[in-house]
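Architecture at a glance
The primary structure of each chain is shown beneath.
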Amino acid sequence: MQQNMDAGEQTSVVPASHDGKIHRSKRRTINLMLQQIAAKRGLEYSSLSEGFIQILQESKNETNKVENNGAESDAVTAEVSRNIKEKSNIMYVYGSSFQNGFAAQSICSDKAALSSVLSHHGIPNIPHKLIYGPQLIYNAANSDRKNKGTMPELINYLSTWSRHGLVIKQKDGTQGIDVFHVRNQLELETVWLDMLSRYKDFVVCPFIPIQDEWRLVMINNEMRLCYRKVRANPEKEWRHNLSRGATVDEDVPESLIREKLLPLALKTTQTLGIRYASADIVRFQPEVLSQSFGEYADNEGYAILEINCGIMMSEYVERFPDRWEHCRDIYDSIVQDFFE
């Protein structure tokens, strides 16, 4: 059984304000960037929950002129109105997620829901299935669990879905946290018990050997950043997360972006109606296309792995500090889109 290491606090590389040198800071990259953007645009900036919630807003003093007809109530109303500081155009950033439509954001945050929607629209993707914990109340959608339980479904997936095993993970997780590769029933039972001790449900998908994985940052259906994730040690680490040691290859051929990656990412964001997102696209290893996995990818093995509402670039900037301004401009374009 392969398990992730605990995610420690990440450090970010940020430029100094005066000497041009690079310094390390434990403050989150996105917080520093949004503070700089707020200062540039004359917006008020504040943060809550140790910086996890950020607020950018315009403020204005509104003085409502009320004609005085001699009535005391009108005088009181006018006085109160003159002392109101009205807040308008407030932008919230939750973690690294910006304000997308609620339904689209909820779908993208649920890996099983996202897979169902993409499959419904014929968009190739790695299927994710929701597994309920036995403690959940029975309802019309899962009433058969009373007789069947939860484990038989997982055993069936293990025996029929993939000869390479299964991946079990949080339905809304990020950064490779609590993502497990199980290859036999004993590993499956171990992970099942561990996950149910901490989550009421989770998702399962087939383990499919991946040749390459790319990240595309999409803003209003326009690609603003694209890179390939390269596992540092493929023999020991099967995940492509940068937080798990993967490196970044920016040398992505324009023809590949134009002909394969961008069309798939664009079709997905347009179908979901999501404005700000990161698309993770994978290409299966050639030998698996002849197996049952071919139905999950296009004829060349490309498929959507995940769509993230969070646009997280701290790991990328740490590896490429000279790209600080470019990444900040991406966030700035979101702020500009919101306020203008």
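Up top you'll find the structure we're talking about.
A few points on the structure. (Residues numbered from 1 in each chain as written. Predicted model: local features only at pLDDT ≥ 70, side-chain atom pairs only at ≥ 80, totals over all residues. Heavy atoms only, no water.)

As for the side chain of Asp201
Inclusion rule: Helix and strand definitions follow DSSP, with helices as H or I runs of at least four residues and strands as E runs of at least two, each counted in order from the N terminus. Only protein chains enter the area calculation, which uses a 1.4 Å probe; residues under 20% of their type maximum are buried, those over 50% are exposed, and those in between are partly exposed. The term polar contact refers here to a pair of N or O atoms within 3.5 Å; inside protein, the definition further demands a hydrogen-donor-capable atom paired with an acceptor-capable atom, and it admits residues adjacent in sequence only when both atoms are side-chain atoms.
Relative to the elements of secondary structure, Asp201 occurs in strand β9 (residues 201-206). Judged by its relative accessible area of 10%, Asp201 is buried. Side chain to side chain, Asp201 and Lys171 meet in a polar contact 3.3 Å long.

Some points on the sheet that holds strand β14 (residues 302-308)
Where strands meet in a sheet, backbone hydrogen bonds hold them as pairs that are either parallel or antiparallel. Keep this limit in mind: Pairing between strands is defined by DSSP: at least two bridges between them are needed. Angles shown run from 0 to 180 degrees and are taken between the N-to-C directions of axes, each axis being a line fitted to C-alpha atoms and, for helices, limited to the stretch in contact. Any two residues having at least one pair of non-hydrogen atoms within 4.5 Å are treated as being in contact.
Spatially, the 5 strands line up as an open sheet ordered β12-β11-β10-β13-β14, and their pairing is antiparallel. The outermost strands of the open sheet, each flanked by one partner alone, are β12 (247-249) and β14. Within this sheet the neighbouring strands show an average axis-to-axis angle of 30 degrees, counted without direction. Pairing of strand β10 (residues 210-219) with strand β13 (residues 276-284) involves 9 bridges; the strand directions are antiparallel. Along β13, the bridge assignment pairs Trp214 with Ile281. Strand contacts of helix α10 (residues 324-339): β10, β11 (222-230) and β13, with the helix running at about 145 degrees to β11, the strand carrying the most contacts.

Topic: helix α1 (residues 29-41)
We apply this condition: Working rule for helices: expected span equals 1.5 Å times residues minus one.
Taking 1.5 Å of rise per residue, 13 residues should cover 18 Å, and α1 covers 18 Å from first to last C-alpha, within 8% of that figure. Just downstream of α1 lies Gly42, where phi reads positive at about 70 degrees.

Here we look at the pattern of salt bridges
How we decide: Salt bridges are defined as contacts in which a side-chain nitrogen from Lys or Arg sits within 4 Å of a carboxyl oxygen from Asp or Glu.
All told, the structure shown has 20 salt bridges when counted by the stated rule. Among the ionic pairs, Lys40 bridges to Asp332, the shortest N-O distance being 2.7 Å. Of the two residues, Lys40 sits in helix α1 while Asp332 sits in helix α10, which places them 292 residues apart along the sequence. By relative accessible area, Asp332 is classed as buried at 7%. Between Arg41 and Asp332 there is a salt bridge whose closest N-O contact spans 2.7 Å. Remark: Asp332 occurs in helix α10 and Arg41 occurs in helix α1; sequence separation between them is 291 residues.

Examining unusual backbone geometry
Excluding glycine, residues mostly have negative phi values, and the peptide bonds linking residues are mostly trans. Backbone geometry at Asn220 places phi at a positive 50 degrees, although glycine is not the residue there. Within the secondary structure, Asn220 is located in the loop between β10 and β11. Look at Asn221: it is not a glycine, yet its phi comes out positive at around 65 degrees. With respect to the element layout, Asn221 can be found in the loop between β10 and β11.

Observations concerning the packing of helix α6 (residues 151-160) against helix α7 (residues 185-196)
For any two helices packed against each other, the geometry comes down to the angle between their axes and how far apart the axes lie. Going by this rule: By the definition adopted for this analysis, an angle is roughly parallel if under 35 degrees, roughly antiparallel if over 145, roughly perpendicular if from 65 to 115, and oblique otherwise. Note: crossing handedness is left-handed where the near helix turns anticlockwise from the far helix by less than a right angle, and right-handed where it turns clockwise. Residues were grouped as follows: Ala, Val, Leu, Ile, Met, Phe, Trp, Tyr, Cys and Pro as nonpolar; Asp, Glu, Lys and Arg as charged; and all remaining residues, including Gly, as polar.
Running from N to C, α6 and α7 point in directions that differ by 140 degrees, and their axes come no closer than 11 Å. Here α7 runs oblique to α6, going by the angle between their axes. Two packed elements cross with a definite hand, and for α6 against α7 that hand is right-handed. Residues Met151, Leu154, Ile155 and Leu158 of α6 form the contact with α7, whose participating residues are Gln185, Leu188, Glu189 and Trp192. Considered class by class, the residues forming the contact of α6 with α7 number 6 nonpolar, 1 polar and 1 charged.

Side note on the nonpolar core
Which entries qualify depends on this criterion: Grouping buried Ala, Val, Leu, Ile, Met, Phe, Trp, Tyr and Cys residues that are joined through side-chain atoms within 4.5 Å yields what is termed a nonpolar core.
Of all hydrophobic cores here, the largest spans 32 residues; its most connected members are Leu154, Ile168, Phe202, Val204, Ile208 and Phe284. Those elements giving two or more residues to this core turn out to be α6, β7 (166-169), β8 (179-182), α7, β9 and β13. The biggest single contributor to this core is α7, with 5 residues. Once residues within four sequence positions are removed from consideration, Val204 is found in contact with Pro127, His128, Lys129, Ile131, Leu154, Tyr157, Trp161, Leu166, Val167 and Ile168. Grouped together as the second largest cluster of nonpolar side chains are 30 residues, Leu32, Met91, Leu242 and Tyr331 included.

Comments concerning empty space enclosed by the protein
Quick note on the threshold: Put simply, the grid is 1 Å and covers the protein atoms alone, a cavity is a trapped set of points that fit a 1.4 Å probe, a pocket is an open set with protein on both sides within 12 Å along at least five of seven lines, and lining residues have an atom within 4 Å of a point. Grid points are joined across faces, edges and corners, and a volume is the space filled by probe spheres set on the points.
Tallied over the entire structure, the rule returns 1 cavity of 30 Å³ or more. Within this model, the largest cavity holds a volume of roughly 30 Å³. Taken together, Lys111, Leu114, Ser115, Leu118, Asn125, Ile126, His128, Ile304 and Leu305 form the lining of the largest cavity. Contributions of two or more residues to the lining of the largest cavity are made by α4 (111-120) and β14.

What about the packing of aromatic side chains?
The test is simple: Pairing of aromatic side chains requires ring centres within 6.5 Å, counting the rings of Phe and Tyr and the six-membered ring of Trp. Pairs whose planes differ by under 30 degrees are stacked, by over 60 edge-to-face, and all others tilted.
Under the definition given, this model contains 9 aromatic pairs. Centre to centre, the rings of Tyr316 and Phe320 are 5.4 Å apart; their planes meet at 40 degrees, and the pair counts as tilted. For Phe320, a relative accessible area of 21% corresponds to the partly exposed category. Through successive ring pairs, a cluster of aromatic residues spans Phe98, Tyr276 and Tyr331.

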